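Spelled out, the chains give:
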Amino acid sequence: MATASTSAITFLWEGLDRKGSKVKGESQASSEILLKSDLRRQGINPIKVKKKPKSLFGSNGKKIIPKDIAIFARQLATMMTAGVPLVQSFEIIGRGHDNPRMQDLVLNIKSDIEGGTNLADSLEKHPKYFDDLFCSLVGAGEQSGALESLLDKVATYKEKTEELKAKVKKALFYPIAVLVVAFIVMVILLIYVVPQFQSIFEGFGADLPAFTQMVVNLSDFVQVYWWAVFLGIGLTIFAFKTAKQRSPTMRRNLDIISLKIPVIGGILEKSSIARFARTLATMFAAGVPLVEAMESVAGATGNALFSEATMKMKDDVSTGTQLQQSMKQTGIFPNMMVQMVSIGEESGSLDEMLGKVADFYEAEVDALVDGLSSLLEPLIMAVLGVLVGGLVIAMYLPIFKMGSVV
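Per chain, residues are indexed from 1 in the order of the written sequence. Local features in this predicted model are restricted to residues whose pLDDT is 70 or higher, and side-chain atom pairs enter the listing and the counts only when it is 80 or higher, whereas totals over whole chains, interfaces and linings include all residues. The basis for every side-chain value is the complete set of heavy atoms in the structure, and neither hydrogens nor water enter the calculation.

Asker: Can you explain the overall build of the chain? Please cite residues and give values.
Answerer: Labels follow the DSSP assignment, with helices taken as runs of H or I lasting at least four residues and strands as runs of E lasting at least two, numbered in each case from the N terminus. For the chain, the count of helices and strands is 15 helices and three strands. Our radius of gyration is a C-alpha quantity, and the globule rule it is checked against amounts to 2.2 Å times the number of residues to the power 0.38. Computed over the C-alpha atoms, the radius of gyration of the chain is 30 Å, more than 25% above the 22 Å expected from 2.2 N^0.38 for a compact globule of 406 residues. Overall size of the chain, expressed as C-alpha extent along the three principal axes, is 100 × 70 × 35 Å. Summary of the burial criterion: residues with accessible area below 20% of their type's maximum are buried, those above 50% are exposed, and those between are partly exposed, where the area comes from a 1.4 Å probe applied to protein chains only. The buried share of the chain, reckoned over its 406 residues, is 40%. Contacts between residues were defined by any pair of non-hydrogen atoms, one from each residue, lying within 4.5 Å. Here the contacts in the chain between residues at least 6 apart in sequence split such that 63% fall between residues at least 24 apart. Each accessible area is a Shrake-Rupley result for a 1.4 Å probe, and residues are judged covered by the shown protein chains and nothing else. With the model as given, the accessible surface of the chain reaches about 22000 Å², and the carbon-plus-sulfur share is 61%. A positive count includes Lys and Arg, and a negative count includes Asp and Glu. His and the chain ends are not counted in either. Every charge is mapped to an atom, namely NZ of Lys, CZ of Arg, CG of Asp or CD of Glu. If you average the places of the 42 positive and of the 41 negative side-chain charges in the chain, the two averages end up 7 Å apart.

Structure representation (structure tokens):
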């Protein structure tokens, strides 16, 4: 394997081994000259070396997702615990990954480590994939000489947080998907079905019922301006997302409103509490001082209200206030959690108590998501029934009236 520097380039090469047999492979190096030199040291006479061409969509178009990072953390923790050297662990993980972008990321980090950079600093060069919390825990593990143990904690943390995010997404995705499908069905009916009835109504020679006339007028509008409807929806979504990204006040207000939505609000609130407890438990167990840990915890809660409360708690704790007392003063953490934290502080097992709190609220989120699915199914069926059934009734009202006259 070629020794690569920070600016590693992926090369494809062909050559002859010591027996004269043709061999080929893929390696990373900072230059073609260094790669050829490294191949010769391995007993391979390079014949052809060229840069690996990039895909039209960039590494086959596969984006690195948080789940990839969680799997990477678990693989690295497992190999380090098994006694596999760090550089070799990166080589095995990188070469064995199905996602080319993830493969490049892992091998680039490996190149940094081979160049003498420690693992935490190598990860910090990729903030898009490794957040401050991840890098802090790895740095704490390197400094304490317990990197294997800390990597295991990081892997567990990433797995738990991704699992929790998946549950919340599941709760939100189902009703949104059904409403989108209902909207598309309504548009199709208005464009293709209602005009067929309209041509029949024109031969009646009588005024249409108000409800039917309203649907016909809506159909006429959608047939002419359907593009404006979809464009307006697209621009509204884009403007909303842009405003949310650029306006902290809007994000805060949306986070507060989201917590008040029936059922959904409970899921979001409990997931924020679970993330708070899981993150703080992981960092505290890693030996990160409480005050320093709170800043990373604030960013991990996923809600502006809990983030602000966490930063306030950080200021309180830095002035000597107990964590449980500061939590109680915020007024947003449940009493059970405050009591568990109090017991943890008194017994010196704060990380263990916070871990139990995280487990409890993650289970609560799971139960609420399952309950939400059961609750929404009849509700969504009712909504679909009203929308589609309303259109059907509107179309058949004139026919019913004509039948009663006859």
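Asker: Go over a negative patch on the surface, please, and point to the residues and values.
Answerer: Side chains of Asp-121, Glu-124, Asp-131 and Asp-132 sit close together on the surface and give a patch of like negative charge. Tracing the sequence through the fold places Asp-132 in helix H6 (residues 132–144). Residue classification places Asp-132 among the exposed residues on the basis of a relative accessible area of 61%. Candidate patch residues must exceed 30% relative accessible area and have no salt bridge, after which like charges are joined if within 9 Å and Val, Leu, Ile, Met, Phe, Trp or Tyr side chains if within 5 Å. For this document, the term salt bridge refers to a Lys or Arg side-chain nitrogen within 4 Å of an Asp or Glu carboxyl oxygen.

Asker: Break down helix H12 (residues 304–318) for me, with residues and values.
Answerer: The span expected for a helix works out to 1.5 Å for each residue beyond the first. The first and last C-alpha atoms of H12 sit 21 Å apart over 15 residues, in line with the 21 Å expected at 1.5 Å per residue. Of the residues making up H12, those classed as buried are Ala-304, Phe-306, Ala-309, Thr-310, Met-313, Lys-314, Asp-316 and Val-317. Check the buried side of H12 and you find it contacts helix H9 (248–258), helix H10 (264–285), helix H11 (290–300) and helix H13 (323–330). For H12, the capping residue at the N-terminal end is Asn-303, with a side-chain oxygen 2.9 Å from the backbone nitrogen of Leu-305. Distance and chemistry together define a polar contact, namely a pair of N or O atoms within 3.5 Å, with one atom able to donate a hydrogen and the other to accept it when in protein, and with adjacent residues in sequence counting only for side-chain atoms on both sides.

Asker: Can you break down the sheet that holds strand S2 (residues 22–29) residue by residue, with the values?
Answerer: Here the rule is simple: two strands pair whenever DSSP picks up at least two bridges between them. Strand order in the open sheet formed by three strands is S2-S1-S3, and the pairing between neighbours is antiparallel. Either end of the sheet is taken by a strand with one partner, and the two such strands are S2 and strand S3 (45–51). On average, adjacent strands in this sheet sit at an angle of 25 degrees to one another, irrespective of strand direction. Alignment of strand S1 (residues 9–16) against S3, held across six bridges, turns out to be antiparallel. Considered in S3, the bridge of Leu-16 is made with Asn-45. Of the strands in this sheet, S1, S2 and S3 are in contact with helix H1 (residues 32–41), which crosses S3 at around 150 degrees. Helix axes use the C-alpha atoms of the stretch in contact, all axes being lines fitted to C-alpha atoms, and the angles between their N-to-C directions lie in the range 0 to 180 degrees.

Asker: So, the environment of Ala-281: which residues are in play, and what are the values?
Answerer: Looking at the secondary structure, you find Ala-281 in helix H10. Given the relative accessible area of 7%, Ala-281 is considered buried. In the structure, Ala-281 is positioned 263 residues away from Arg-18 in sequence and 55 Å away in space, judged by C-alpha atoms. Aside from chain neighbours lying at most four places away, what touches Ala-281 is Asp-351, Leu-354 and Gly-355.

Asker: Can you tell me about the nonpolar core, naming the residues and giving the values?
Answerer: The biggest cluster of nonpolar side chains holds 76 residues, and the ones touching the most others in it are Leu-119, Leu-323 and Phe-333. It is helix H15 (residues 350–405) that contributes the most residues to this core, eleven residues altogether. Setting aside its immediate chain neighbours within four residues, Leu-119 contacts Leu-76, Leu-86, Phe-90, Ile-109, Ile-113, Val-138, Glu-142 and Leu-147. Remark: nonpolar core denotes a set of buried residues (Ala, Val, Leu, Ile, Met, Phe, Trp, Tyr, Cys) joined through side-chain atoms within 4.5 Å. With 13 residues, the next largest nonpolar core counts Phe-197, Val-222, Leu-391 and Ala-394 among its residues.

Asker: Which residues make up the packing of helix H7 (residues 147–201) against helix H8 (residues 210–246), and what are the values?
Answerer: Close contact between H7 and H8 brings their axes to 9 Å; oriented N to C, the two are set at 140 degrees. Considering the angle they form, H7 stands oblique to H8. Both H7 and H8 take part in a crossing whose hand is left-handed. Between H7 and H8, the contacting residues are Phe-183, Val-187, Leu-190, Ile-191, Val-194, Pro-195, Gln-198 and Phe-201 on the first element and Thr-212, Val-215, Val-216, Leu-218, Ser-219, Asp-220, Val-222, Gln-223, Trp-226, Val-229, Phe-230 and Ile-233 on the second. Note on terminology: angles under 35 degrees are roughly parallel, angles over 145 are roughly antiparallel, angles of 65 to 115 are roughly perpendicular, and the others are oblique. Definitions for this section: a left-handed crossing has its near helix turned counterclockwise from the far helix by less than a right angle. A right-handed crossing has that turn clockwise.

Asker: Account for H11, naming residues and giving values.
Answerer: The complete set of buried residues in H11 reads Leu-290, Ala-293, Met-294, Ser-296, Val-297, Ala-298 and Ala-300. The inward-facing, buried residues of H11 abut H6, H7, H10, H12 and H13. Directly beyond the C-terminal end of H11, a positive phi value near 80 degrees is found at Gly-302.

Asker: Outline the environment of Arg-18, supporting the account with residue identities and numerical values.
Answerer: Along the chain, Arg-18 turns up in the loop between S1 and S2. The exposure class assigned to Arg-18 is exposed, which follows from its relative accessible area of 68%. The spacing of Arg-18 and Asn-45 is 27 residues in sequence and 8.1 Å in space, taken between C-alpha atoms. Residues in contact with Arg-18, not counting those within four places in the same chain, are Arg-41, Gln-42 and Gly-43.

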